[in-house]
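Next come the chains, spelled out residue by residue.
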Amino acid sequence: METLRTLEALEREGLIASAADLAEAAESMAIALTPEMLALIDRGDPADPIARQFVPSVAETRVAPGELADPIGDEARSPVKGIVHRYPDRVLLKPIHVCPVYCRFCFRREKVGPGGDTLSAAELERALAYITADPKIWEVILTGGDPLMLAPRRLAELIGRLDAIPHVGVIRLHSRVPIVDPGRVGEALVAALRPRRAALWLAVHCNHPRELGTATRATLARLADAGIPLLGQTVLLAGVNDDVDTLDALMRGLVTARVKPYYLHHPDLVRGTGHFRVTIERGQQLMKALRGRLSGLAQPTYVLDVPGGHGKVPVGPSFLSGYRGDDPDALLVEDAFGKQHRYPG
Ligand code: SF4
């Protein structure tokens, strides 16, 4: 079966009632739903958390005040096409804007798609020259789009070029491919990712425990067996994973697949994605609940991307507060089960 790419195909599969009703929503972003994700959808559940991530909704046509076309300020921090330079020691390199699926909540939803801006050979050379010229750049993060959508030979070439830059110590790739299209991770792709001089890390994007099916777990095992350290990143999404049981199952699932949960992203202020947004207070409540349930190994850091391109910061929850007793220097510390204790100042 092929990836579904049109409203008509979604209608034929019974995932939407009427293609005509969603034409405006679909205009704002491409559609792609892989057979692996399609197979996970419970057609009898109108609120299915897998379908919710990939099937367009009329809610996407509603833009709330404060929502932005470029919510994390990529443009403001881009000195050269394809590069985002927010911190002195690291850059994003975006060689491709194509993805295996199109996630309706995506913070780059106005950039990604089949017509997206893939770097030409000359543009890629300019981006590599920028990295080569700045010895402070220690980490290069390949993102996009999805860098594992590059042909394995091109990906191997690109990683090889980065590996040859002496001051690059880490090459990190962010991808949804191993989760949503595990069959794409063949031997040539694994070989392209094998360890080299620079440390190579792969962060996989996974939002729901159901996404960790048999084929996906087998693919993650092959990557881990090849010596590629794996990180997990998750977007906190209303109606997908904004409850403690789902997050608990997801984080345990990732750790048992040898993926270290890395970030739980607070949803960005993306235009037309208000239906996915939760409050920071709710995110903090969920993180507190996870602290009482999961070992440190399974805890992600809950982060917010500061709008305007100012980078990520952890947004709690805090387990410390002021002690309102006789010692003005003392603190109150809350344990993982919500009990408070005095800690001397
Ligand atoms: S795979 Fe990543 S970049 Fe592509 S649409 Fe999904 S979240 Fe956005």
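All values derive from a computational prediction rather than experimental measurement. (Residues numbered from 1 in each chain as written. Predicted model: local features only at pLDDT ≥ 70, side-chain atom pairs only at ≥ 80, totals over all residues. Heavy atoms only, no water.)

Whenever I open this one, the pairing of strand E3 (residues 139–142) confuses me. Can you help?
Looking along a regular strand, one sees side chains alternate from face to face of the sheet. Of the two faces of E3, the one lined by Glu139 and Ile141 and the one lined by Val140 and Leu142 are each fully buried. Sheet analysis places strand E2 (residues 90–93) next to E3, joined by four bridges and oriented parallel. Its bridge partner lying in E3, Leu93 is registered against Leu142. Following the chain from E2 across helix H5 (residues 121–133) to the adjacent parallel E3, one finds a crossover that is right-handed. Taking the sense of rotation as the criterion, the β-α-β connection linking E3, helix H6 (residues 152–163) and strand E4 (residues 170–175) turns out right-handed. (Buried < 20%, exposed > 50% of the residue type's maximum accessible area, 1.4 Å probe, protein only. Helix = DSSP H or I, 4+ residues; strand = E, 2+ residues; numbered from the N terminus. Pairing = 2+ DSSP bridges. Right-handed = clockwise from strand over helix to strand, strands pointing away.)

Looking at this model, I keep getting lost on the sheet that holds E4. Mind explaining?
The strands making up a sheet are joined through hydrogen bonds of the backbone, oriented either antiparallel or parallel. Pairing is mixed in the open sheet, where nine strands are placed in the order E1-E2-E3-E4-E5-E6-E7-E8-E9. Only two strands of the sheet have a single neighbouring strand rather than two, namely strand E1 (83–87) and strand E9 (312–314). Neighbouring strand axes in the sheet, compared pairwise and without regard to direction, differ in orientation by 30° on average. Taken together, the three bridges between E1 and E2 define a ladder with antiparallel strand orientation. Bridged to Tyr87 within E2 is Arg90. Strands in contact with helix H9 (residues 214–225) are strand E5 (199–205), strand E6 (230–235) and strand E7 (259–265); relative to E6, the strand with the most contacts, it is inclined by about 140°. (Axes fitted to C-alpha atoms, helices over the stretch in contact; angles between N-to-C directions. Contact = heavy atoms within 4.5 Å.)

Quick question: what am I supposed to make of the pattern of salt bridges here?
Oppositely charged side chains are able to pair whenever their charged atoms sit close together. Enumeration according to the criterion identifies 25 salt bridges in this entry. Arg108 is the partner of Asp74 in a salt bridge, and the nearest nitrogen-oxygen pair spans 2.5 Å. Note that Asp74 is positioned in the loop between helix H4 (49–54) and E1 and Arg108 in the loop between E2 and H5, a separation of 34 residues in sequence. Classification of Asp74 by relative accessible area gives buried; the value is 5%. In this structure Arg108 comes out as buried when scored by relative accessible area, which is 5%. In this structure, the salt-bridge partner of Asp225 is Arg258, at a minimum N-O distance of 3.0 Å. Placement of Asp225 in helix H9 and of Arg258 in the loop between helix H10 (244–256) and E7 is noted, with a sequence separation of 33 residues between them. With relative accessibility at 59%, the residue Asp225 sits in the exposed group. Counted as one network, the salt bridges with shared partners bring together Asp74, Arg86, Lys94 and Arg108. (Salt bridge = Lys/Arg side-chain N within 4 Å of Asp/Glu carboxyl O.)

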